[in-house]
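Results of the structural survey
The primary structure of each chain is shown beneath.
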Amino acid sequence: MADRLTQLQDAVNSLADQFCNAIGVLQQCGPPASFNNIQTAINKDQPANPTEEYAQLFAALIARTAKDIDVLIDSLPSEESTAALQAASLYKLEEENHEAATCLEDVVYRGDMLLEKIQSALADIAQSQLKTRSGEVSVTQAEVQFCDHGLLQLQPGFR
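Residues numbered from 1 in each chain as written. Predicted model: local features only at pLDDT ≥ 70, side-chain atom pairs only at ≥ 80, totals over all residues. Heavy atoms only, no water.

If you look the protein up in an unreviewed UniProt entry, it shows as Mediator of RNA polymerase II transcription subunit 21 from Pan paniscus. Taken directly from UniProt, the Sequence similarities (unreviewed entry) text for the protein runs: "Belongs to the Mediator complex subunit 21 family." Entered under Subcellular location (unreviewed entry) in the UniProt record, the comment concerning the protein runs "Nucleus". (UniProt positions renumbered as here; feature names shortened; annotations may be inferred.)

Okay, a nonpolar patch on the surface next. A contiguous nonpolar patch, built from Leu114, Ile118, Leu122 and Ile125 and spanning about 350 Å² of accessible area, is present on the exposed surface. By the secondary structure assignment, leucine 114 is in helix 4 (residues 83–133). (Patch = residues over 30% accessible without salt bridge, like charges linked within 9 Å, V, L, I, M, F, W, Y side chains within 5 Å. Areas by Shrake-Rupley, 256 points an atom, 1.4 Å probe, with all protein chains shown as cover. Salt bridge = Lys/Arg side-chain N within 4 Å of Asp/Glu carboxyl O. Helix = DSSP H or I, 4+ residues; strand = E, 2+ residues; numbered from the N terminus.)

Moving on, we get to the side chain of threonine 65. Turning to its location among the elements, threonine 65 is positioned in helix 3 (residues 51–75). Note on threonine 65: relative accessible area 7%, which makes it buried. At 2.9 Å, the side chain of threonine 65 forms a polar contact with the backbone oxygen of leucine 61. Not counting the four nearest positions on each side in its chain, threonine 65 is found in contact with Ala11, Ser14, Leu15 and Gln18. (Buried < 20%, exposed > 50% of the residue type's maximum accessible area, 1.4 Å probe, protein only. Polar contact = N/O pair within 3.5 Å; in protein donor to acceptor, adjacent residues only side chain to side chain. Contact = heavy atoms within 4.5 Å.)

Below, the structure written as structure tokens:
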């Protein structure tokens, strides 16, 4: 919770900085106020004013930061959240977690069963290939084993 509050405080500080910067830049770049005809000769020599671009830039920054602040405020727990409601929410999450764990265990079990069937089929294939290569030499399933990398190998002492 302290993290959200810290984020909120940082966002509020950032918003204050943006307001100060916007006011400073607009004051610096803003056109001077004219006093009847005295300033008209001076203003003709000045280049075009980028005040409108700065105004749009700072407006976008301030709006985005304000939206971020709203999101952070909405993510804070409400006053209605009591210890009992939090405990009930945790209990519900634990039940969902238990259901997901049971489902995962079932999937792992089915995967193990499928792996055993595949290994048995590969052993049968290897045995039949060995029989056809060596001209009917008998190789039992105990003589064939799987290596760590999934390849078949014969037990030592057999050819």
